[in-house]
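Structure at a glance
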Amino acid sequence: MTSTKKMIITLVVVAVVCATVLALFYSFTVPLIAKTRVDLALAGLKEVAEADSFLEIISDTLWNAIGPDENVVGIVFRVWPQGYGGLIPITVGLDNDRKITGIRIAGASEGLKETPGLGVKITEADFRGQFIGKSADEVRLKKDGGLIDAITAATISSKAVCDGVRNGIEKYAQYGGPEFDKRNIFPDADDFIAIIKDSLWYALKAGDTLGIVFLASGEGYLDRIVVAVGLDRNKKIVGVDILMSQETAGIGELIREKDFLAKIRDGKPETISGATVSSEAVITAVKEAAKSYGEYLK
Amino acid sequence: MKNPGLIFLGAFLVNNIILMRFIGLCPFFGVSTTVETATGMGLAVIFVMTLAAWITFGIYHAVLLPLGLVFLRTAAFILTIASLVQFVEMFLKKSYRGLYNALGIYLPLITTNCAILAVTFLNIDNRYNFVNSTVFALGTGLGFTLVIITFAALRERLDQAPINPSLKGYPIAFVAASLVSLAFLGFSGLFGLS
Amino acid sequence: MNRWQIFTRGIISENPVLVIMIGLCPALATSGTVRDGFGMGLAATFVLFFSNVIISMIRKLVPAEIRIPVYILIISTFVTIVDYAMQAFQPDLYRVLGVFVPLIVVNCIILGRAEAFASKNSVLNAALDGLGMGIGFTLTLVVIGTIREILGNGTFLGYSVLGSSFKQYPVTFMILPPGAFLVIAVLKAMINKYVRKEI
């Protein structure tokens, strides 16, 4: 055996063995990793709301908290206000009276970038505890007329938390499912039956299923965008509307333009120049949700 | 954070790869003895880092992801960078003799420079697109160069200073790094970057 | 050199971080707390031990010209195993260590030991060497982590040790990057003065 041949064979054998070992190990750990992530997320939600289970309304952002007897006892939402060092990930629980049941702020190990020793104190129970039982108006720093004591030398972080929580409550409080007229999305139908609570409905006309209406969401430039989409039995889009979006006024908010939505409806989506991120987020969200909900049409 | 300008500033100053992330320390302490070698090393890093960002972007998105082979990422990236460095060295030697004379001796050192590998991983973890990956690699490389040159200038002075023998060499270099790093903390919070 | 020396030299006389000055990046970046330092140390020890053993086993089969790529392949396999295992079983730790877990692959200690020792010695010796170097690395991280956590946060392994008033106003500087550089500077100076007097 020549030495070149031996070199190639050795290299190939080692590469194949390594790849096989990794493939086996990967297939063994992937389900575990997924389960760990779900468990962690659930534990985070249970910290802020007393509920038996949570129903996701907007992926990774908004949940209905379900108590005994399948009743909705409140909502849990996540917000990411801009703090001193970066975005602050906050999970907030709200009961049906729109009072806060608890807030949780991700620690430094989960991506909080506030100053160690100062801003990081927003994660401590002393600070977080102040929010429990408060309503949106009371969630301001005392110097701004609210009831929350700021942390010494960490006013920016403290204020960011208050603003994030308050804006979140204002944005999501009305959520018993986003209020929208499904007939705008699916004009031909006269009745809608929920299949997945607050995310997917069958569109009916005189008892016949015409298609589905569903919610899709995607990460926009500033925040999450939620879109309602109607799909007929041939998987053709019959209507699209933006339900929720906090994009930059005059730029990202161009996604609300009739022209842009009409193009998605006609199956010829076009990104808006100057608002590429926002418009691409909408297009991708619609496309992916249509794909995954498409099987309900069978 | 998807704005390329902010990504650049973040990589260049606020999250400076050496002083804030502690990546690439070995070459940092190893070749920052004179300004001249530091400049050569810095330029070689910028060059290879950007190339590596492009190539690994292609490998990850065109090969590993579609084929479901993401678990080979670490192995694939490190081998890619090692071969890339070899190719760059051969190419420069043949075609750009001047550049080779300037950067050549630093190239082999780059294979084990964790900064290069780190940038390719961070590009994937941060889900940067092609443009942002490039910007991130450039910013990081420039940040590396800025710090390594600044630091070399400091060390040239330190060599002249009367220093306690136990502190000579590495310890005093670490103390200097600590002070420079303290200065860089001042960038934290700039434009809301962290 | 007897087996005991092979095992112990990585801990003090040839301590990778404080004496040979390699593997600095993780030693500084992941030593903000004792727990993080210990986790990183264990991960690196695992890779060091197994790659040393495997490389020593196949040392006579691998042609010299391609030994480096072969070593890199083997090391990156173990690094990926640690990476996924940590994601599955220690997700909190993984979030802190982040990119430093896959970066173990370029940790100069590991390739250095493979090339300098495992490729020339018996499996048992290579295993002892890997274990010793790994323990030396872990201990160093734990020492740095202890100093930084106690001074910077007033805690040890999360438990308050310096009283509540210190906990309220700790030397925050220590858990920030400059503190890491300073701690290692002091440790290295002490090693120079008391352990390696010849310098």
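The structure displayed is predicted, hence computed values, not measured ones.

1. Notes on the overall build of chain B
- Counting its secondary structure elements, chain B contains 9 helices and 0 strands.
- Going residue by residue from the N terminus, the α and β elements of chain B occur as α-α-α-α-α-α-α-α-α.
- Against the globule reference of 16 Å for 194 residues, chain B gives a C-alpha radius of gyration of 18 Å, in line with a compact fold.
- Each principal axis of the C-alpha atoms in chain B carries an extent, and together these give about 60 × 45 × 25 Å.
- Burial status across chain B gives 47% buried among its 194 residues.
- Summarising the internal contacts of chain B: among those between residues at least 6 apart in sequence, 77% fall at separations of at least 24.

2. Topic: the interface of chain C and chain B
- Taken together, the 31 residues of chain C in the interface contact 31 residues of chain B.
- Contributions of two or more residues to the side of chain C that touches chain B are made by helix H2 (24–29), helix H4 (67–89) and helix H9 (177–195) of chain C.
- At 11 residues, the largest contribution of residues to the side of chain C that touches chain B is made by H9 of chain C.
- Taken together, the residues of the side of chain C that touches chain B sort by class into 25 nonpolar, 4 polar and 2 charged.

3. Topic: the packing of helix H9 (residues 170–185) of chain B against H9 of chain C
- The N-to-C vectors of H9 of chain B and H9 of chain C enclose an angle of 170°; their axes lie 8 Å apart at closest approach. With respect to H9 of chain C, the axis of H9 of chain B lies roughly antiparallel. The segment H9 of chain B lies against H9 of chain C, with Tyr170, Pro171, Phe174, Val175, Ala177, Ser178, Ser181, Leu182 and Leu185 of chain B engaging Pro177, Pro178, Phe181, Leu182, Ile184, Ala185, Lys188, Ala189 and Asn192 of chain C.
- The residue makeup of the contact of H9 of chain B with H9 of chain C, split by class, is 14 nonpolar, 3 polar and 1 charged.

4. Examining the pairing of strand E8 (residues 208–219) of chain A
Residue and element names in this part refer to chain A.
- Within E8, 9 of the 12 residues are buried, leaving the element largely enclosed by the surrounding structure.
- In the sheet, strand E7 (residues 200–205) pairs with E8 via 6 bridges, with the strands oriented antiparallel. Within E8, the position partnered with Trp201 by the bridge is Val213.
- Connecting E7 to the antiparallel partner E8 that follows it, the hairpin turn spans 2 residues, and Ala206 within it adopts a positive phi of roughly 50°.

5. Remarks on the packing of helix H8 (residues 130–160) of chain B against H9 of chain B
Residues and elements named next belong to chain B.
- Interhelical geometry of H8 versus H9 gives an angle of 135° and a closest axis separation of 11 Å. Classed by the angle they form, the pair H8 and H9 counts as oblique. Judged by the sense of rotation from one axis to the other, the crossing of H8 with H9 is right-handed. Touching Thr150, Phe151, Leu154, Arg155 and Leu158 of H8 are Ile172, Ala173, Ala176, Ala177 and Val180, all from H9.

6. Concerning the environment of Val31 of chain B
Residues and elements named next belong to chain B.
- Relative to the elements of secondary structure, Val31 occurs in helix H2 (residues 25–31).
- Among the residues examined, Val31 registers 19 C-beta atoms within 10 Å and is labelled partly exposed.
- It is 8.2 Å that separates the C-alpha atoms of Val31 and Ala152, two residues lying 121 residues apart in sequence.
- The contacts of Val31, once residues within four sequence positions are left out, are Thr37, Ala38 and Met41.

7. Quick look at the sheet that holds E8 of chain A
Residues and elements named next belong to chain A.
- Across the sheet, which stays open at both edges, the 5 strands sit in the order E6-E7-E8-E9-E10 with antiparallel pairing between neighbours. Two strands bound the open sheet, and with one partner strand each, they are strand E6 (191–196) and strand E10 (237–244). Between one strand axis and the next, the sheet turns by 25° as a mean value, whatever way the strands run.
- Against the sheet, helix H6 (residues 276–293) engages E7, E8, strand E9 (224–232) and E10, with an angle of about 140° to E8.

8. Describing helix H7 (residues 114–125) of chain B
Residue and element names in this part refer to chain B.
- Here H7 is 12 residues long and its end C-alpha atoms lie 16 Å apart, about the 16 Å a rise of 1.5 Å per residue gives.
- Counting buried positions over the 12 residues of H7 gives 11, a clear majority of the element.
- Along H7, the residues classified as buried are Cys114, Ala115, Ile116, Leu117, Ala118, Val119, Thr120, Phe121, Leu122, Asn123 and Ile124.
- Residue Arg127 follows H7 closely and has a positive phi angle near 55°.

9. Considering helix H3 (residues 35–64) of chain B
Residues and elements named next belong to chain B.
- Between the first and last C-alpha of H3 there are 40 Å, a value that for 30 residues agrees with the 44 Å anticipated at 1.5 Å per step.
- For H3, the set of buried residues is Ala38, Met41, Gly42, Ala44, Val45, Val48, Met49, Thr50, Ala52, Ala53, Thr56 and Tyr60.
- Buried residues in H3 make contact with H2, helix H4 (73–95), helix H5 (97–103), helix H6 (107–110), H7 and H8.

10. Thoughts on the environment of Thr155 of chain C
All names here are of chain C.
- Its location among the elements puts Thr155 in strand E1 (residues 155–156).
- On the neighbour-count criterion, Thr155 (17 C-beta atoms within 10 Å) is partly exposed.
- Thr155 sits 12 residues away from Lys167 along the chain, and the two C-alpha atoms are 7.5 Å apart.
- Among residues more than four places away in sequence, those in contact with Thr155 are Glu149, Ser160 and Val161.

11. Considering the nonpolar core
- In terms of nonpolar packing, the biggest core is built from 125 residues, with Val48 and Leu117 of chain B together with Leu28, Val47, Ile75, Ile104 and Ile184 of chain C touching the most fellow members.
- Tallying contributions element by element places helix H3 (residues 34–57) of chain C first for this core, with 10 residues.
- The contact partners of Val48 of chain B, leaving out residues within four places of it in the chain, are Leu84, Val85, Val88, Ile110 and Ile116 of chain B.
- Residues Leu62, Val76, Ile105 and Leu231 of chain A belong to the second largest nonpolar core, which totals 68 residues.

12. A closer look at the sheet that holds strand E3 (residues 72–79) of chain A
Residue and element names in this part refer to chain A.
- Across the sheet, 5 strands lie side by side as E1-E2-E3-E4-E5; this open sheet has antiparallel pairing. Either end of the sheet is taken by a strand with one partner, and the two such strands are strand E1 (53–58) and strand E5 (100–105). Between one strand axis and the next, the sheet turns through 20° on average, direction left out of account.
- With 5 bridges connecting them, E1 and strand E2 (residues 62–66) associate as antiparallel partners. Along E2, the bridge assignment pairs Glu56 with Trp63.
- Its contacts with the sheet put helix H3 (residues 155–172) on E2, E3, strand E4 (90–95) and E5, and the angle it makes with E3 is roughly 130°.

Calculation criteria
- Going along each chain's sequence as written, the residues are numbered from 1 onward.
- Chain labels run from A onward and ligand labels from 1 onward, assigned in the order the entries are written.
- Totals for whole chains, interfaces and linings use every residue, but because this is a predicted model, local features are given only for residues with pLDDT of at least 70 and side-chain atom pairs only at 80 or more, for both listing and counting.
- A run of DSSP states H or I qualifies as a helix once it reaches four residues; a run of E qualifies as a strand once it reaches two. Both are numbered from the N-terminal end.
- A radius of gyration in this sense is built from C-alpha atoms; the matching globule rule multiplies 2.2 Å by the number of residues raised to 0.38.
- Here the C-beta atoms are placed from the backbone, and a residue counts as buried if at least 20 other C-beta atoms lie within 10 Å of its own, exposed if 12 or fewer do, and partly exposed otherwise.
- By definition, residue pairs are in contact when their C-beta atoms, positioned from the backbone, come within 7 Å.
- Three categories are distinguished: nonpolar for Ala, Val, Leu, Ile, Met, Phe, Trp, Tyr, Cys and Pro, charged for Asp, Glu, Lys and Arg, and polar for the others, with Gly belonging to the last.
- Only the stretch in contact is used when a helix axis is fitted, and all axes are lines through C-alpha atoms; the angle between N-to-C directions ranges over 0 to 180 degrees.
- An angle below 35 degrees is treated as roughly parallel, one above 145 as roughly antiparallel, one from 65 to 115 as roughly perpendicular, and anything else as oblique.
- Strand pairing is assigned whenever DSSP detects at least two bridges linking the two strands.
- A crossing counts as left-handed when the near helix is turned anticlockwise from the far one by less than a right angle, and as right-handed when that turn is clockwise.
- Each residue after the first adds 1.5 Å to the expected span of a helix.
- Linking buried Ala, Val, Leu, Ile, Met, Phe, Trp, Tyr and Cys residues through C-beta atoms within 7 Å yields a set, and such a set is a nonpolar core.

Keep in mind that these numbers describe shape and distance, not what the molecule does.
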